[in-house]
Amino acid sequence: MSTAAFHISSLLEKMTSSDKDFSSASGSWLRVLTSITYCLGPTGQILLLPYHRFMATSDLMSELQKDSIQLDEDSERKVVRTLLRLLEDRMSFGVMAGRISGHKVKEYQVETIVDTLCANMRSDKEQLRDIAGIGLKTVLSELPPAATGSGLAIIVCRKITGQLTSAIAQQEDVAVQLEALDILSDMLSRLGAPLGTFHASLLHCLLPQLSSPRLAVRKRAVGALGHLAAACSTDLFVELADHLLDRLPGPRAPASPAAIRTLIQCLGSVGRHAGHRLGAHLDRLVPLVEEFCNLDDDELRESCLQAFEAFLRKSPKEMDPHVANVTSLCLQYLKHDPNYNHNSDEDEEQMETEDSEFSEPESEDEYSDDDDMSWKVRRAAAKCLTALISSRPDLLPDFHCTLAPALIRRFKEREENVKADIFGAYIALLRQSRPPKGWLEAVEEPTQTSSNLHMLRAQVPLVMKALQRQLKDRSIRSRQGCLSLLSELAGVLPGSLAEHMPVLVSGIVFSLADRSSSSTIRMDALAFLQGLLGTEPAEAFYPHLPTLLPPVMACVADSFYKVASEALLVLQELVRTLWPLDRPRVLDPEPYVGEMSTATLARLRATDLDQEVKERAISCMGHLVGHLGDRLGDKLEPTLLLLLDRLRNEITRLPAVKALTLVAMSPLRLDLQLILAEALPILASFLRKNQRALRLATLAALDALAQSQGLGLPPPAVRAVLAELPALVSESDMHVAQLAVEFLTTVTQAQPASLVEVSRPVLAELMRLLHSPLLPAGVLVATEGFLQALVGTRPPCVDYADLIHLLTAPVYDQVGDGGPCLHKQVFHSLARCVAALSAACPQEAAGTASRLVCDAKSPHSSTGVKVLAFLSLAEVGQVAGPGPQRELKAVLLEALGSSSEDVRAAAAYALGRVGAGNLPDFLPFLLAQIEAEPRRQYLLLHALREALGAAQPDSLKPYAEDIWALLFQRCEGAEEGTRSVVAECIGKLVLVNPPFLLPRFRKQLAAGQPHTRSTVITAVKFLISDQPHSIDPLLKSYVGEFMESLQDPDLNVRRATLTFFNSAVHNKPSLVRDLLDEILPLLYQETKIRRDLIREVEMGPFKHTVDDGLDVRKAAFECMYSLLESCLGQLDICEFLNHVEDGLKDHYDIRMLTFIMLARLATLCPAPVLQRVDRLIEPLRATCTAKVKAGSVKQEFEKQDELKRSAMRAVAALLTIPEVGKSPSMADFAGQIRSNPELATLFESIQKDSASGANTDSMELS
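Residues numbered from 1 in each chain as written. Predicted model: local features only at pLDDT ≥ 70, side-chain atom pairs only at ≥ 80, totals over all residues. Heavy atoms only, no water.

Engineer: Explain the overall build of the protein chain here, please?
Structural biologist: On a plain count of helices and strands, the protein chain comes out with 62 helices and four strands. Taken across its 1262 residues, the protein chain has 53% of its residues classed as buried. Long-range pairs, those at least 24 residues apart, make up 74% of the contacts in the protein chain between residues at least 6 apart in sequence. Summed over its atoms, the accessible surface of the protein chain is roughly 55100 Å², and 52% of this surface lies on carbon and sulfur atoms. (Helix = DSSP H or I, 4+ residues; strand = E, 2+ residues; numbered from the N terminus. Buried < 20%, exposed > 50% of the residue type's maximum accessible area, 1.4 Å probe, protein only. Contact = heavy atoms within 4.5 Å. Areas by Shrake-Rupley, 256 points an atom, 1.4 Å probe, with all protein chains shown as cover.)

This is the structure:
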């Protein structure tokens, strides 16, 4: 027998032994302690458990939970038999039996346990029933979810269900009913869908319980029916809904109030759990509930309002016709307080003195009533309003007019719970009013967003008046609600609270000084103050600083680490806001700097602090020294030494490095000689550490020190740092490489002599980096700066000719002419570096350009040499002077006829770039060549595009008309590639003089041929950039006219319009956001399959179907995806989903797009997706189960695999919606996936990918 088996056997023996048989080896301490331990039963009675049996069972439980323990069949049988025998002993054994059943025993043993527990639950002994009920609940909680594919859960639930239904039907024993209903509700909530065969019997068993005379039975039946409604079939759900509606009498018909309340509560429960399925019944249901809401029964009113809340959250579209009535009811009952006279309270408020606020609670007590239920009605109304605001952002302007004033008036609510929900409703309104991402008030014309914000700004004085007393309320919860609301208001309307600063400061100081209560309110007040410092102008705080600073300083010294940490953050923000570095000081810091530095130094010196406080103290001191270091006086030296000490500490080194960076970057130019000699070697050692964030912070600190201290840096220490840099200039981490090169540039300018030893190894690594095709623009710019610094020193650190040779050698030394040996992007990088060197040494530029011209025209030059020469000339030619340019025209024209495509492209690029620097000479020549050389037109247009992009707009104005005429002559070209380049040229030309040229597009769109119209629309796309531009306001006024091209009869024009719209939505949504009501119907029209555009083409003996409308449909769906990211608030999601649903059955490309959209919608707006999940599942199922015809080509199999993977990602996203697992169709499909090995494997791999992707997203990427 193994050791584990022997141990378990001995535990079983102890569990069955009597007290007198208990071995003395157990220790005399046990007998002395006692043989009895006490344990409370479920109904509060004291249970007496023989101590040794209890401990043996507990030990057995611990052993079985170990993964290393595996029971054989005989041991399993013994364990189960022993536990079931002990069930009659006491409650704890029932719990343990339940837990063991879920973990270590086989299915048939679990069934034995469940059978015994079910039998005991119907026992005459109350204690045994309680134990069995707890045991069954434990079994259910320990079972693996059905979604894992385990059949055990389903088998156990099916075994329990039959016995539960018969137990519920026992009207004579209410205790059994209650226990059975509890277990059934728990089971349906976790495993409702797999019990489909029992749903009908469960429904017919539960419905009669709604008429039970016992309130507890009715409440539990209501909960169970809610869970059942989410999982049952559509037919059963309709039966349930009809039953409830038929049982609801008319409001004037005689009926028991308790029965009506139960039915309304049941409708609310169904709405909360399965409201997405109630949509079809709401037109019949809502008017009834509205009538019942007017009856004089507060509990019934609460239930009605809770039902409305559920309907609004789950079926907002179907509730649209009833929104006005529901809003009216909510506003009526939001102030429903029959036991309190608010008018007299307002009179008192006008007469009260400063001391009267302390007597307020007493006056409230006069009106309090233990039987008063009206507060629950008010709370339900507030929650219903929150649901209404959250679910209907399209009604926001109406909400600001109707709901906002009512909510503000109710801020005086006397009941804390209700007040919190009223605050929550107004906060929901503020969040919905928050401007969308990328919205800039300064450049926008009046829109709905600006209108909402304007209305909100008008409410600010009313809000402040309503909250003035609340900010000093005795109730902590009320003050927390005020601070939360004001934080949200400041975030939505920055600067709006500045004129109310006296009230805010008074409230903040009151909470900070409140030491009688928990520290939570102080932390909330500090967090609010920090946010306020970020949103309000600094001038608003100047008069209040003497009042505000002392309590903040007291919090810095607080013994609770979280309060101290928040206070240090506030102090840091205070310093940064009130004494910014980029503006002259307005407020004299002298009265405050001593107090602030003393408090921070005390925290900085202490070593027995929480890590968070240490880091915040270091950061705060860094800001203090950086912003006010010139006022610290004799405290500066000990502060710098403390920073140096924290730099040596492994725990605090990262925040210390960041603080040192702040000090070094300060424009105060503080003298840091005291610490430089010791700090630089420490920083050099950090460059060898594996911690990426530390290396990045260290390089930033070194660069700041080199810029501020320059020649003051000790040369030996600088050389120690430079020795670490070659290893950092590596492709493995481009960001680190960029910072390293920037630091090298700074050191080269400050101490060129220090670079002698490391310049060669650094250059070798830099050349390797330049040969990377993935070189980011930032690294390239840093490299150009470093190379310029190397040749810019006197004398140069490295000779100009040597650097040019280093850059060009890999290309020039290539043996043979097998085409370019490097990636195309590398040639551009090398050319940029050659141009940077030429710009730094103007005296060398002409000679370099002449050599490049010779290399370009030499017949012996390889393709790579010619490409590099032309790309370098494109950059160098503008600074080389007119000498080489005269010869360059002929060389470039000749190269346009080269047999190498790379040489032709490089020559066209060079022609345009060089021409931009000498327009009078080159541009007429280029235009003439376009006219004269139709065969080279494509390349010459590329050259024109480069010239238009690189030249100054004013210098192009004299040629604008000629270029305009030439380009529009080529809009009707047969080649789409040529028309695309023409469109880009037109777009760049319009930017030269937008007010004059943009209106001309109207004429071209009205009178032009189809190719001209599509070219014009494509040109408009090139006017949109992701950065603010002066053309934006003018462009916005024309967007509506351009979008009318969606009604153009030509397919290519419509496709071009959709591409333009997609670019606008993606890069600058403010251009189209206010036009979506007119654009969306036209967009949705393009998502439909048009049979008149589908034709058959004969290809030999085969017929092939061609869909000419596919590209347009694909473009339309791409627009829909972009709208999800930037204009979600303006979309009718239900209408949007209709077209997504159609796309799920479309062509391969469109299905791929709609699967991605569906996954995104499941995350962004799960409620509407849940409403139609049954319809969405079918196309997903069809895709996942589709088979490719035998004999198909490899590409068909790959496409189908990719489709399946994409569909499975959509399924995985749908399963993240909490209630979706209860859908019968989803449960059926999930079972189908689990039963199919191929689909199960695919689904598991996608879930792993999702988990790893989420982990990656949550990682710190600094």
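Engineer: Just checking my understanding: could you explain the packing of aromatic side chains for this structure?
Structural biologist: A ring pair, where both rings are aromatic, is described by two values, the distance of the centres and the angle of the planes. In the structure shown here, the tally under the stated rule is nine aromatic pairs. Between Phe 1042 and Phe 1060 the ring centres are 6.3 Å apart and the planes differ by 85°, which places this aromatic pair in the edge-to-face class. Of the two residues, Phe 1042 sits in helix α52 (residues 1032-1043) while Phe 1060 sits in helix α53 (residues 1051-1067), which places them 18 residues apart along the sequence. Taken individually, Phe 1042 and Phe 1060 each receive the classification buried, so the pair is uniform in this respect. An aromatic cluster is defined as three or more aromatic residues linked by ring pairs; in this entry it consists of Trp 964, Phe 968, Phe 1001, Tyr 1038, Phe 1042 and Phe 1060. Over the face of the ring belonging to Phe 925 we find Lys 889, whose NZ or CZ atom lies 5.1 Å from the ring centre. (Phe/Tyr/Trp six-rings, centres within 6.5 Å; stacked < 30°, edge-to-face > 60°. Lys NZ or Arg CZ within 6 Å of the ring centre and 35° of its normal.)

Engineer: What exactly am I supposed to notice about the state of the cysteines here?
Structural biologist: Where two cysteines share a covalent bond between their sulfur atoms, that bond is called a disulfide. Overall, the coordinates contain zero disulfides when judged by the stated rule. Between Cys 304, a free cysteine, and Cys 293, which holds the nearest cysteine sulfur, the sulfur-to-sulfur gap is 4.7 Å. (Disulfide = S-S within 2.5 Å.)

Engineer: Looking at this model, I keep getting lost on the side chain of Asp 1032. Mind explaining?
Structural biologist: Tracing the chain through its elements places Asp 1032 in helix α52. Here Asp 1032 is in contact with Gln 1027, Lys 1068 and Leu 1071, once residues within four sequence places are set aside.

Engineer: Sorry, what's going on with helix α12 (residues 234-247) here?
Structural biologist: Given 3.6 residues to a turn, an α-helix orients residues that are three or four positions apart in the same direction. With 14 residues, α12 extends 20 Å between its outermost C-alpha atoms, agreeing within 8% with the 20 Å of an ideal straight helix rising 1.5 Å per residue. Those residues of α12 lying buried are Leu 236, Phe 237, Leu 240, Ala 241, Leu 244 and Leu 245. Tucked inside the fold, the buried residues of α12 contact α10 (199-206), α11 (215-231), α13 (257-274) and α14 (282-293). (Expected span 1.5 Å × (residues − 1).)

Engineer: Would you mind going over unusual backbone geometry with me for this structure?
Structural biologist: For residues other than glycine, phi is negative in most cases, and the peptide bonds are mostly trans. A positive phi is found at Arg 669, a non-glycine position, where the angle reads about 50°. Residue position: Arg 669 is located in the loop between α31 (653-665) and α32 (673-686). Overall, Arg 669 belongs to the exposed group, its relative accessible area being 53%.

Engineer: Looking at this structure, I do not really get the environment of Val 791. What am I missing?
Structural biologist: Counting through the fold element by element, Val 791 comes out in helix α37 (residues 777-792). Once residues lying within four places of it in the same chain are set aside, the contact partners of Val 791 are Pro 796, Val 798, Tyr 800, Leu 803, Leu 837, Ala 840 and Cys 841.

Engineer: Sorry, what's going on with the pairing of strand β4 (residues 1102-1107) here?
Structural biologist: Every other side chain in a regular strand lies on the same face of the sheet, so the side chains alternate between the two faces. Relative to β4, strand β3 (residues 1094-1099) runs antiparallel, the two being bridged by six bridges. By the bridge assignment for β4, Glu 1096 is matched with Thr 1105. Linkage of β3 to β4, two consecutive antiparallel strands, is achieved through a turn of two residues, within which Gly 1100 is found at a positive phi near 65°. (Pairing = 2+ DSSP bridges.)

Engineer: What's the story with the environment of Val 876 in this structure? I'm lost.
Structural biologist: When you line up the elements, Val 876 lands in helix α41 (residues 863-876). Its relative accessible area of 0% is what places Val 876 among the buried residues. In this structure, the C-alpha to C-alpha distance between Val 876 and Ala 836, residues 40 residues apart in sequence, is 8.3 Å. Beyond its immediate stretch of four places on either side in the chain, Val 876 contacts Val 834, Ala 835, Ser 838, Ala 845, Ala 849 and Leu 852.

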